[in-house]
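Structural characterization, general
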Amino acid sequence: MIVGGRVVAPDRVLDDGWLAIAGGKIVQVGTGTPPDINRVDVDGCLVVPGFVDTHCHGGGGGSFSSGNPEELFRAVRAHRRHGTTTMLGSLVSDPIPVLRDQIAALRELVQEGELAGIHLEGPFISKARCGAHDPATLIEPDTATVNALLGAGRGDIRMVTLAPELHGGIKAVRQLAESGVIAAIGHTDGVEDQIVPAIDAGASVATHLFNAMRPLHHREPGPIGALLDDERITVELICDLVHVHPTVLRLAAHHAGKGRTVLITDAMSATDAADGSYILGRLEVDVRDGVATLAGNGSLAGSTLTMDAAFRNLVRGAGIDLLDAVRATSGRPAELLGIADRTGSLRAGLAADVVVLDRDLRPAKVLRQGEWVKDDAAATLSATAPLSGAVEGGVSVSDG
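Note that the structure is predicted; figures quoted are calculated from it, not measured.

Some details on helix α9 (residues 322-336)
Over its 15 residues, α9 extends 20 Å from the first C-alpha to the last, a length consistent with the 21 Å expected when each residue adds 1.5 Å. The axis of α9 is deflected most strongly, by about 50°, at Ala328. When you tally the buried positions in α9, you get eleven out of 15 residues, the bulk of the element. By the burial criterion, the buried members of α9 are Leu322, Ala325, Val326, Ala328, Thr329, Ser330, Gly331, Arg332, Pro333, Ala334 and Leu336. The N-capping residue of α9, defined by a side-chain oxygen 3.1 Å from the backbone nitrogen of Leu323, is Asp321. Gly338 sits one or two positions beyond α9 and adopts a positive phi of about 75°.

Digging into empty space enclosed by the protein
Following the criterion strictly, the structure yields three cavities of 30 Å³ or more and no others. By volume, the second largest cavity is sized at about 40 Å³. Every residue lining the second largest cavity is listed: Leu120, Phe124, Val146, Leu149, Leu150, Val160 and Leu176. Here the lining of the second largest cavity gets three residues from one element, more than from any other, and that element is helix α3 (residues 143-153). Per-class residue counts for the lining of the second largest cavity are seven nonpolar, no polar and no charged.

A few points about the sheet that holds strand β16 (residues 276-280)
In spatial order, the strands read β16-β17-β18; together these three strands make up an open sheet with antiparallel pairing. If you trace the sheet from one side to the other, it starts and ends with β16 and β18 (291-294), each paired once. Each strand axis lies, on average, 35° off the axis of its neighbour in the sheet, ignoring direction. Two strands pair when backbone bridges link them, and strand β17 (residues 283-288) and β18 are joined in this way by four bridges, in the antiparallel orientation. Across the sheet, residue Asp286 finds its bridge partner in β18, namely Thr293.

Examining the pattern of salt bridges
Scanning all chains against the criterion turns up 17 salt bridges. Connected via shared salt-bridge partners are Arg129, Asp189 and Arg214.

Quick look at the nonpolar core
Formed by 79 residues in total, the largest nonpolar core has its most connected members in Val48, Phe64, Leu209, Leu227 and Phe311. Sort the elements by how many residues they give to this core and helix α2 (residues 96-111) lands first, with seven residues. Counting 15 residues, the second-largest nonpolar core is a separate cluster that includes Ala9, Ile26, Val47 and Val356.

Brief notes about unusual backbone geometry
Negative phi is the rule for most residues except glycine; trans is the rule for most peptide bonds. The omega torsion of the bond from Gly122 to Pro123 falls at 15°, within 30 degrees of zero and hence cis. Residue placement: Pro123 occurs in the loop between β10 (117-121) and α3. One non-glycine residue, His187, adopts positive backbone phi at about 45°. Relative to the helices and strands, His187 is located in the loop between β12 (182-185) and α5 (192-201). Residue classification places His187 among the buried residues on the basis of a relative accessible area of 3%. One non-glycine residue, Leu241, lies in the positive phi region at around 65°. For Leu241, the position within the fold is in the loop between β14 (234-238) and α7 (246-256).

Considering the pairing of strand β2 (residues 13-22)
Pairing geometry for strand β1 (residues 2-8) and β2, over four bridges, is antiparallel. By the bridge assignment for β2, Val8 is matched with Val13. Taking the residues between adjacent antiparallel strands as the criterion, β1 and β2 are bridged by four residues. Taken together, the six bridges between β2 and strand β3 (residues 25-31) define a ladder with antiparallel strand orientation. Within the sheet, the bridge partner assigned to Ile21 lies in β3 and is Ile26. What sits between β2 and β3 in their antiparallel hairpin is a turn of two residues, with Gly23 showing a positive phi close to 60°.

Some thoughts on helix α1 (residues 69-81)
Helix length check: α1 (13 residues) gives 19 Å between terminal C-alpha atoms against 18 Å at 1.5 Å per residue, within 8%. Check the buried side of α1 and you find it contacts β7 (58-59), β8 (62-63), β9 (84-91), α2 and β20 (363-368). The backbone nitrogen of Glu70 has a side-chain oxygen 2.8 Å away, supplied by the residue at the start of α1, namely Asn68. Immediately beyond the C-terminal end of α1, within one or two residues, lies Gly83, with a positive phi of roughly 100°.

Concerning the confidence of the model for the protein
When pLDDT is averaged along the protein, the result is 92; 94% of the residues meet or exceed 70. Of the regions scoring below 50 in pLDDT, residues 376-400 engages in 58 contacts with residues more than four places distant in sequence or in other chains.

Quick notes on the state of the cysteines
Under the defined criterion, the tally for this structure stands at zero disulfides. Cys56 provides the cysteine sulfur closest to Cys239, a residue in no disulfide bond, and the two sulfurs are 16 Å apart. For Cys239, a relative accessible area of 0% corresponds to the buried category.

Quick notes on the rules
- Residues numbered from 1 in each chain as written.
- Predicted model: local features only at pLDDT ≥ 70, side-chain atom pairs only at ≥ 80, totals over all residues.
- Heavy atoms only, no water.
- Helix = DSSP H or I, 4+ residues; strand = E, 2+ residues; numbered from the N terminus.
- Expected span 1.5 Å × (residues − 1).
- Bend = angle between axes of the 7 residues up to and from the residue.
- Buried < 20%, exposed > 50% of the residue type's maximum accessible area, 1.4 Å probe, protein only.
- Polar contact = N/O pair within 3.5 Å; in protein donor to acceptor, adjacent residues only side chain to side chain.
- 1 Å grid on protein atoms, 1.4 Å probe; cavity = no way out; pocket = protein on both sides within 12 Å on 5 of 7 lines; lining within 4 Å.
- Points joined across faces, edges and corners; volume = space filled by probe spheres on them.
- Nonpolar A, V, L, I, M, F, W, Y, C, P; charged D, E, K, R; others polar.
- Pairing = 2+ DSSP bridges.
- Axes fitted to C-alpha atoms, helices over the stretch in contact; angles between N-to-C directions.
- Salt bridge = Lys/Arg side-chain N within 4 Å of Asp/Glu carboxyl O.
- Core = buried A, V, L, I, M, F, W, Y, C linked by side-chain atoms within 4.5 Å.
- Contact = heavy atoms within 4.5 Å.
- pLDDT = per-residue confidence, 0-100.
- Disulfide = S-S within 2.5 Å.

In structure tokens:
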């Protein structure tokens, strides 16, 4: 029993709420006096669903592009400490043979239940908006190449980001959608007349809206206007208050609403690690004060964001209410991945994926599938005593 907290249920916040957990699942959610069995008193803390991150490249010094099993697990563990109980492993653009090897390495984590799937961010993206992707690795999509990558994934590739204005782009969107893979529009220099046909063909996600795409203009809305205004599109937002200004975050979140807004980290290996020099894909990245930029030109290169910091930033930096923030960090991304019947909210029958947030909205303890996530840096939550202290943990410059 998790008792004594403010439990964020799907439709309301339950003051003095409680959760009954057994067999790795939530069996009951209630308020008031709970059954008197195995109580864990969280002493007024906020209890939210485990975070779901659909766009993450690494963390804890480990990169999902490395292919190194120890690095891959290190990245997963780093984000799990911060409350991410479900995540996709994202890969940046690389030559096709390299991507196939990276996909094979990540598939092992998917099969073991550590990752919910794989996200390919490229290589079918615009050189004009490539961001932290090596331009030499970018190619136009064709049926055979898309099939080769999907074949390497053996059903574990859940999302592919591409620029639909490329030759073969619309056809690739349709191919992905028909294969049951989320087609995401991103790293695009396309105009509205090139974006709308891609949505009609089955694209359903905007990869980190605003970033690495043609900017919004009042006479040419471009991808931002087309994606934000289309009810068929779920928009990703990097909520570190560095990639997108709080006012713009608030405008986008309000317009898209709780049904279409998803927070992501776009985190790279320096997340929950020290400043210094890192590699993202094939490019060198400098991390100073938690901000990751390309060594060559100073462009933003992913983030050092964690989902708990994104949650805090949305609530405190952008002024979004708790229910909508929980939807953006758990409920909607779980729906997007088709796993809302398993996780993403605090409901009976779902996995016991739970984050206990202290009064500063920092993780005090994380429960994944009914088991506490071990973390030496976190406070110890016992069944015999209430939670007594806040946990700082590693957070990014995005802490807002």
